[in-house]
Amino acid sequence: MTEPAPQGVIRVPVPPSYREMRRPLAQRRPVLIAGGMRSWPAFSRWTLDYLIERAGDCEVVVRNYTENVGVPRHLWQRYCIHEKMTFGAYLEKIRAGTAKSIYLAQVNIPKDLEPLLADIEKPAFLNYSSLDPVLWLGPGGHVEPLHFDTAHSVIGEVVGRKRVKLFAPTSYFALYPFPWWSPIGSTFSRVDVDNPDLALFPRAAGATSIECTLEAGDVLFIPAGWWHQVYCLDDHAVSVTYFCERRTAELFDDLKDPWCGHFETVKYLRSKWATAKSIGERRMAAARRLVGAE
Ligand SMILES: O=C(O)CCC(=O)C(=O)O
């Protein structure tokens, strides 16, 4: 089965008007707002020296992917090892080029990097509520594996560039998510989309991606359910994501989302299990009555 090619990433000027954002949001298409975060103080401030001086003592948790380097993705036993260190120690590793398979991902800025909070702004076109903004910082060459989020992502690219490969939610079955009981999690794909093993994952041949490159200063809106794999370019790349609570986004129609369908499947199986259990219990009660045990 071949998926229809998703239309490309829509580019809108900054600041986007409500009208310009309304249609892509309603159609749930990725949107790139070129220069959308250039007004953030972070854009001109966030050098490695500045980050170390402002927040170097903060303790953060980083993701160490070393054990998975060179291992085919579907054989990963776990996603990564989490390690605690100071933000400053991690930034020194970035500077020294020794953080190759260590990524600082999804660090809650208000809680864990509070001194940096004044440097960022929630994009004005975001007219629904968001969770706490999170920081991503990593070395050039890092690839954040293909996954989707259950909330919209609004990514502000602060330093360096990132290439983003996107697949529409309709590619769900072509991308073979890990099973929901695996330690990796069912929002991650088992397929290495840059070099898919079509003998193992034949449907992946039909998955069609779109791509964009985020330059420093750009903002990318990724609707919930869109798969994305993110490649850090340049010496290092830093971005901030505002995840938006999907329940508060009035433009949603959950039932049409395949990933929602996935959770629906789990709910359905649970309800079947409950039904089977109650039938089993009734039969056991009848059997006990039959043999006079009740
Ligand atoms: O920047 C990255 O490495 C990943 C970002 C991401 O997955 C997100 O913001 O949803």
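Predicted, not measured: the structure shown is a model, and the values here were computed from it.

Draft legend 1. Layout of the overall build of the protein chain. A count of helices and strands for the protein chain gives six helices and 13 strands. Within the protein chain, the fraction of its 294 residues that count as buried is 36%. Partitioning the intrachain contacts of the protein chain with sequence separation of at least 6 by distance along the chain shows that 80% fall at a separation of at least 24.

Draft legend 2. Examining the sheet that holds strand β1 (residues 10-12) more closely. Strand order in the open sheet formed by nine strands is β1-β2-β11-β8-β13-β6-β5-β3-β4, with mixed pairing between adjacent strands. Only two strands of the sheet have a single neighbouring strand rather than two, namely β1 and β4 (81-86). Neighbour-to-neighbour, the strand axes of this sheet turn through a mean angle of 25°, independent of strand direction. Docked against the sheet, helix α4 (residues 87-96) engages β3 (59-64), β4, β5 (102-108), β6 (134-139) and β13 (236-244), running at close to 105° with respect to β4.

Draft legend 3. Summary view of the confidence of the model for the protein chain. Overall, the prediction assigns the protein chain a mean pLDDT of 86, with 85% of residues at 70 or greater. With pLDDT under 50 throughout, residues 247-262 is counted as low confidence; its partners more than four residues away or in other chains account for 21 contacts.

Draft legend 4. Fine view of the sheet that holds strand β12 (residues 227-232). On the basis of which strands lie adjacent, the open sheet formed by four strands has the order β7-β12-β9-β10 and antiparallel pairing. Looking at which strands have only one partner, the edges of the open sheet turn out to be β7 (143-147) and β10 (209-214). On average, each strand axis in the sheet is inclined to that of its neighbour by 15°, with strand direction left out of account.

Draft legend 5. Representation of the nonpolar core within the structure. One finds Tyr-90, Leu-104, Ile-109, Leu-135, Leu-175 and Leu-220 to be the most contacted residues of the largest nonpolar core, which totals 72 residues. Top contributing element to this core by residue count: β13, with six residues. Those residues within four positions of Leu-220 in sequence are excluded, and the remaining contacts are Pro-30, Leu-32, Ile-155, Val-164, Cys-212 and Leu-214.

Draft legend 6. Here's a closer look at the environment of Leu-116. Secondary-structure assignment places Leu-116 in the loop between α5 (109-112) and β6. Residue Leu-116 is classed as buried on the basis of its 24 C-beta neighbours within 10 Å.

Draft legend 7. Examining the site of the ligand more closely. Neighbouring the ligand are the residues Trp-136, Glu-144, Asp-149, Ser-153, Ile-155, Lys-162, His-228, Val-230, Ser-239 and Thr-241. Elements with a contribution of two residues or more to the shell around the ligand: β8 (152-159), β12 and β13. A per-class count over the shell around the ligand returns three nonpolar, four polar and three charged.

Draft legend 8. Structural view of the environment of Arg-45. Its place among the elements puts Arg-45 in helix α2 (residues 41-45). Residue class for Arg-45 comes out partly exposed when judged on the 14 C-beta atoms lying within 10 Å of it. Distance from Arg-45 to Asp-119, taken between C-alpha atoms, is 8.0 Å for residues 74 residues apart in sequence. Look past the residues within four positions of Arg-45 in its chain and what remains in contact with it is Tyr-50 and Asp-119.

Draft legend 9. Representation of the packing of helix α3 (residues 48-55) against α4 within the structure. Look at α3 against α4: their axes get within 9 Å of each other, and the N-to-C directions meet at 165°. When the axes of α3 and α4 are compared, the pair comes out roughly antiparallel. For α3 against α4, the interelement crossing comes out left-handed. From α3, Leu-48, Leu-51, Ile-52 and Ala-55 reach across to α4, where they touch Phe-87, Gly-88, Leu-91, Ile-94 and Arg-95.

Draft legend 10. Local environment of unusual backbone geometry. In this chain, Val-14 is followed by Pro-15 through a cis amide linkage whose omega measures -10°. Summarising the element assignment, Pro-15 is placed in the loop between β1 and α1 (18-27). Within the chain, Gln-106 stands out as a residue other than glycine whose phi angle is a positive 55°. Note that Gln-106 resides in strand β5. The class of Gln-106 is exposed, set by 12 C-beta atoms lying within 10 Å. Of note, Asp-234 is a non-glycine position whose phi angle comes to about 65°, a positive value. Relative to the helices and strands, Asp-234 resides in the loop between β12 and β13.

Criteria and cut-off values
Residues numbered from 1 in each chain as written. Predicted model: local features only at pLDDT ≥ 70, side-chain atom pairs only at ≥ 80, totals over all residues. Helix = DSSP H or I, 4+ residues; strand = E, 2+ residues; numbered from the N terminus. Buried ≥ 20, exposed ≤ 12 C-beta atoms within 10 Å, placed from the backbone. Contact = placed C-beta atoms within 7 Å. Pairing = 2+ DSSP bridges. Axes fitted to C-alpha atoms, helices over the stretch in contact; angles between N-to-C directions. pLDDT = per-residue confidence, 0-100. Core = buried A, V, L, I, M, F, W, Y, C linked by C-beta atoms within 7 Å. Near = placed C-beta within 6 Å. Nonpolar A, V, L, I, M, F, W, Y, C, P; charged D, E, K, R; others polar. Parallel < 35°, antiparallel > 145°, perpendicular 65-115°, else oblique. Left-handed = near helix turned anticlockwise from the far one by under 90°.

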